[in-house]
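The chain contents come next:
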Amino acid sequence: MSISSREDANKYYQVVNKLIDNYIEEYSIRPSKLKNYLKNGSDKFEKFVNRNGLKDIKGINQILTDVIDDRVHMEKDGVLTFENFKFYESDEFKVLSITQCLYKGIGKSDIKIEKFIADHFDVNLSDIDVIDTDKHLFKVKGWKDENKVIVYNNDEFEIIQKNIKEYLLNEFLKKEVELVGITIKLENVVDNKKFEDQLESLLNEDKIIDLITKSIEKDGDFKFGKSDEYYLWID
């Protein structure tokens, strides 16, 4: 089905706006961060379209992209009610720990991950148990032993990287520096863009892998591995 008239377009813009409202509320995502989680062409973007029964609508990807762009600009340009501003500034919409970076905006694991695990360990899908779908944590029954496995696809790994970047920026801006009896809040003097660029250069793939590995230590003694499409940690 294609969008062939202004009426069709308006209808689907209304539908997608409502869906984005629900997404923001369900996952506690600030509007300005939507592109981190729903980037056009990404796995999460396609799942959003499919999950909401829109995949057969020709032109829906552009409408979703337009709505996301609009939400991002609304927050960045300050076009929010006071109530919405206070709502998005609450802790619910912030990344408050490194561990939370592994879950925020990631969503539950899916059958694609289970099929990858089955191929990787050369087992049947029936040999894979989901321990925690939010953590992407599985138990695999092999021929000789059992393994716990955590798996993220490439898009999810990128989201985790952006979550960590946001977390570190927020933590840094909370700091205060005292000079000759004068207390200076870093959030009032730091150029956020320069700090984000510095973080970007420091948070390379190896560093993110190390941070994830340390964060999941409580779930097991995991060793890292990688394929073309997935990052995995095996206990």
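The structure this text deals with has already been given above.
The text that follows walks through the structure, step by step, so that each part is easy to find.

Comments concerning the pattern of salt bridges
Two side chains with opposite charge may pair up if their charged atoms get near one another. According to the stated counting rule, one finds 16 salt bridges in the structure shown. R71 is the partner of D21 in a salt bridge, and the nearest nitrogen-oxygen pair spans 2.9 Å. Taken together, the positions of D21 in helix α1 (residues 6–27) and R71 in helix α4 (residues 60–76) put the pair 50 residues apart, joining distant regions of the chain. Residue classification places D21 among the partly exposed residues on the basis of a relative accessible area of 36%. Residues D110 and K47 are paired through a salt bridge, measuring 2.3 Å at the closest nitrogen-oxygen approach. Remark: K47 occurs in helix α3 (residues 43–51) and D110 occurs in the loop between α6 (98–101) and α7 (111–121); sequence separation between them is 63 residues. Its relative accessible area of 18% is what places D110 among the buried residues. Counted as one network, the salt bridges with shared partners bring together D43, K47, D110 and K112.

Digging into the sheet that holds strand β3 (residues 146–153)
Taking strand neighbours across the sheet as the criterion, the five strands line up as β1-β2-β3-β7-β6 in an open arrangement whose pairing is antiparallel. Each of the sheet's edge strands pairs with one partner strand only, and the pair in question is β1 (128–132) and β6 (223–226). Adjacent strand axes in the sheet meet at a mean angle of 30 degrees when their direction is disregarded. Direction of pairing for β3 relative to strand β7 (residues 230–234): antiparallel, over a ladder of five bridges. Paired with V151 across the strands is L232, a residue of β7. Sheet strands in contact with α7 are β1, β2 (137–141), β3 and β7, and its direction is about 60 degrees off that of β7. Strands β3 and β7 of the sheet are contacted by helix α8 (residues 154–173), whose axis makes an angle of about 75 degrees with β3.

Some words on unusual backbone geometry
Backbone geometry places S28, a non-glycine residue, at a positive phi of 55 degrees. Relative accessible area serves as the criterion here: at 9%, S28 is assigned to the buried category. Even without being glycine, D122 reaches a positive phi, approximately 55 degrees. Checked against the element boundaries, D122 lands in the loop between α7 and β1.

Considerations on the side chain of D110
Of note is the side chain of D110, whose polar atom sits 2.3 Å from the side chain of K47. For D110, the side chain forms a polar contact with the main-chain nitrogen of K112, separated by 3.1 Å.

Calculation criteria
- Residues numbered from 1 in each chain as written.
- Predicted model: local features only at pLDDT ≥ 70, side-chain atom pairs only at ≥ 80, totals over all residues.
- Heavy atoms only, no water.
- Salt bridge = Lys/Arg side-chain N within 4 Å of Asp/Glu carboxyl O.
- Helix = DSSP H or I, 4+ residues; strand = E, 2+ residues; numbered from the N terminus.
- Buried < 20%, exposed > 50% of the residue type's maximum accessible area, 1.4 Å probe, protein only.
- Pairing = 2+ DSSP bridges.
- Axes fitted to C-alpha atoms, helices over the stretch in contact; angles between N-to-C directions.
- Contact = heavy atoms within 4.5 Å.
- Polar contact = N/O pair within 3.5 Å; in protein donor to acceptor, adjacent residues only side chain to side chain.

Nothing here speaks to function; it is geometry throughout.
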